[in-house]
Amino acid sequence: MASEDVKTSESAVSTIVNLAEEAKLAREGVKAPGPALLSICKSLVAGGVAGGVSRTAVAPLERLKILLQVQNPHSIKYNGTIQGLKYIWRTEGLRGMFKGNGTNCARIVPNSAVKFFSYEEASKGILWFYRQQTGNDDAQLTPLLRLGAGACAGIIAMSATYPMDLVRGRLTVQTDKSPCQYRGITHALATVLKEEGPRALYKGWLPSVIGVIPYVGLNFSVYESLKDWLLKTNPFGLVEDNELGVTTRLACGAAAGTVGQTIAYPLDVIRRRMQMVGWKDAASVVTGDGRSKAPLEYSGMVDTFRKTVRHEGFGALYKGLVPNSVKVSAQT
């Protein structure tokens, strides 16, 4: 879902925890230290490596999720997590488990870099506007304003690297039986530009942006609520010196991430389906090997919602949710 595009090289859980800790600093009036440029570069490289390892570890689940999201309902090949993984292994082998993962990993560093610098600029802009509105030149960013800056940075970073996400989705679903093969990231980008035009590189962008709001907002609010409840009630004896341990905070983050992703998940399904529209010689999993009565074409986000529910039922908006939830848990 959009969540993927908002994440940096850190896992979703780590992001939630970091947001909460920054919010704590803001409440106390303490400014988070600004690292030097060299330190930033080192962090981006280290984050890129760590993110690449993390994404590669769960790449089979990520690919299966996308296949379940976009497969033609008239020709079901993937029917559940275990059966789907077995089918990929049987028909495509080990390489099939990792299709599209290279593009997914290649997005990490540019996405993280854009997000970092966008967050800095967004924070400055929001702080300036906040001080103008309050008339207090010494005012600092509140937790809510920091959250807004993070959401803005996430949207900007997602938009900057969105064409890579679109071709990643298409590379992920193509198989050896696909009538036309993209040979890699560059070839896929050039082909989409040539055959569908520059606007095609941003198909599905709108539901991605909209998905940022419930994902980030629910993550933060659920995490904070869980943490406050545990601190007040201490039901399992997890509080030590009025603080939660790292493991407990990560567990709260995992719960918050699951809630956020589940609520925003339909937007991710809609995004993926919109990305497949207009694909000449599309992958067989999308076309249904010619068994469908007519190819489904979508004119926009609302039309995609309507046709998906009409032809496949409301449950279709949650196709791939199980492997996605397993993937999130594994990355925690």
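To be clear, the structure that these remarks concern was listed above.
The rules behind each value
- Residues numbered from 1 in each chain as written.
- Predicted model: local features only at pLDDT ≥ 70, side-chain atom pairs only at ≥ 80, totals over all residues.
- Heavy atoms only, no water.
- Core = buried A, V, L, I, M, F, W, Y, C linked by side-chain atoms within 4.5 Å.
- Buried < 20%, exposed > 50% of the residue type's maximum accessible area, 1.4 Å probe, protein only.
- Helix = DSSP H or I, 4+ residues; strand = E, 2+ residues; numbered from the N terminus.
- Contact = heavy atoms within 4.5 Å.
- 1 Å grid on protein atoms, 1.4 Å probe; cavity = no way out; pocket = protein on both sides within 12 Å on 5 of 7 lines; lining within 4 Å.
- Points joined across faces, edges and corners; volume = space filled by probe spheres on them.
- Nonpolar A, V, L, I, M, F, W, Y, C, P; charged D, E, K, R; others polar.

Participant: Before we move on, could you go through the nonpolar core and cite the residues and values that matter?
Facilitator: One finds Tyr78, Val173, Trp279, Val285 and Val286 to be the most contacted residues of the largest nonpolar core, which totals 24 residues. Elements with a minimum of two residues in this core: helix 4 (59–70), helix 5 (81–97), helix 9 (162–173), helix 10 (185–196) and helix 13 (284–287). Counting residues per element, this core draws most heavily on helix 4, which supplies five residues. Those residues in contact with Val285 that sit more than four places away from it in its chain are Leu67, Val70, Gln71, Asn72, Lys77, Tyr78 and Val173. The next biggest cluster of nonpolar side chains, apart from the first, holds seven residues, and it includes Ala151, Val212, Val216 and Phe220.

Participant: Explain the environment of Ala264 to me, using residue names and the numbers behind them.
Facilitator: Locating Ala264 in the fold gives a position in helix 12 (residues 246–276). Looking at Ala264, the relative accessible area reads 0%, which means it is buried. Along the backbone, Ala264 and Ile210 are 54 residues apart, and their C-alpha atoms lie at a distance of 8.9 Å.

Participant: Before we move on, could you go through the side chain of Asn101 and cite the residues and values that matter?
Facilitator: By the element assignment, Asn101 lies in helix 6 (residues 101–106). Overall, the relative accessible area of 10% leaves Asn101 in the buried class. Setting aside its immediate chain neighbours within four residues, Asn101 contacts Arg55, Thr56 and Ala59.

Participant: So, empty space enclosed by the protein: which residues are in play, and what are the values?
Facilitator: All chains considered together, the criterion is met by five cavities of 30 Å³ or more. Along the walls of the second largest cavity sit Ala59, Glu62, Arg63, Met97, Phe98, Lys99, Gly100, Asn101, Asn104, Arg168 and Thr172, which together make up its complete lining. Put simply, the parts of the chain that give the lining of the second largest cavity at least two residues each are helix 4, helix 6 and helix 9. By residue number, the principal contributor to the lining of the second largest cavity is helix 4, which donates three residues. Partitioned by chemical class, the residues of the lining of the second largest cavity number three nonpolar, four polar and four charged.

The values are spatial; any link to function lies outside them.
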